[in-house]
Amino acid sequence: MSIALRTLDDGAWISVNDSRQVSVSDVWSLATGAFCDCSPAYVLLEAFVDVGVDGSTVVAHAVGQCLECGTRDSIEQLPVGAMIDGDFHPYDPEGVQWRLERDGEGA
Ligand SMILES: [Zn+2]
């Protein structure tokens with residue numbers, strides 16, 4: 001089963017199977033250390049750079065800014081939802097903390 005994933009409107013949306021599913025206007029709470037030193041970090045996304053799928057998880061490459069400390073950076077693999085039986089099920093932006101793992105260096 002193929003999934004049509006792309007970004008629309010200069011990265012304002014993630015489209016899944018030609019339906020706009022995830023907007024950048026949400027604030028995502030990310031695990032401590034995953035983005036900056038805030039605990040947790042509340043990151044306002046500015047744009048989706050790319051989108052792909054990792055197993056059944058839809059992951060976005062996004063750019064965002066922390067509302068607390070102002071850090072602006074990119075997030076390589078932000079899990080935004082899951083594909084279940086061909087349907088897209090978006091994750092809750094406030095519940096993503098435990099899903100985002102930092103590459104490399106310690107916990
Ligand atoms: Zn921060």
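The rules we used
- Residues numbered from 1 in each chain as written.
- Predicted model: local features only at pLDDT ≥ 70, side-chain atom pairs only at ≥ 80, totals over all residues.
- Pairing = 2+ DSSP bridges.
- Helix = DSSP H or I, 4+ residues; strand = E, 2+ residues; numbered from the N terminus.
- Axes fitted to C-alpha atoms, helices over the stretch in contact; angles between N-to-C directions.

- The chain goes by DUF8134 domain-containing protein in an unreviewed UniProt entry, where it is assigned to Haloarchaeobius amylolyticus.

### Brief notes about the sheet that holds strand β3 (residues 19-23)
Paired through backbone hydrogen bonds, the strands of a sheet run either parallel or antiparallel to each other.
Alright, step 1. The antiparallel open sheet is built from three strands, whose spatial order is β1-β2-β3. At either margin of the open sheet sits one strand with a lone partner, and together these are β1 (5-8) and β3. Across this sheet, the average inter-strand angle for adjacent strands is 35°, counted without regard to direction.
Alright, step 2. Judged from the four bridges that link them, strand β2 (residues 13-16) and β3 form a sheet pairing that is antiparallel. Across the sheet, Ser-15 pairs through a bridge with Arg-20, a residue of β3.

### Quick notes on the sheet that holds strand β5 (residues 41-54)
Alright, step 1. A sheet is described by the order of its strands in space; here five strands give the open sequence β4-β5-β6-β7-β8, paired in antiparallel fashion. Sheet topology places β4 (27-30) and β8 (87-90) at the edges, where each strand pairs with a single neighbour. Taken pair by pair, the neighbouring strands of this sheet meet at an average axis angle of 50°, ignoring direction.
Alright, step 2. Direction of pairing for β5 relative to strand β6 (residues 57-66): antiparallel, over a ladder of 10 bridges. Each bridged residue has a counterpart across the sheet, and for Asp-50 the counterpart in β6 is His-61.

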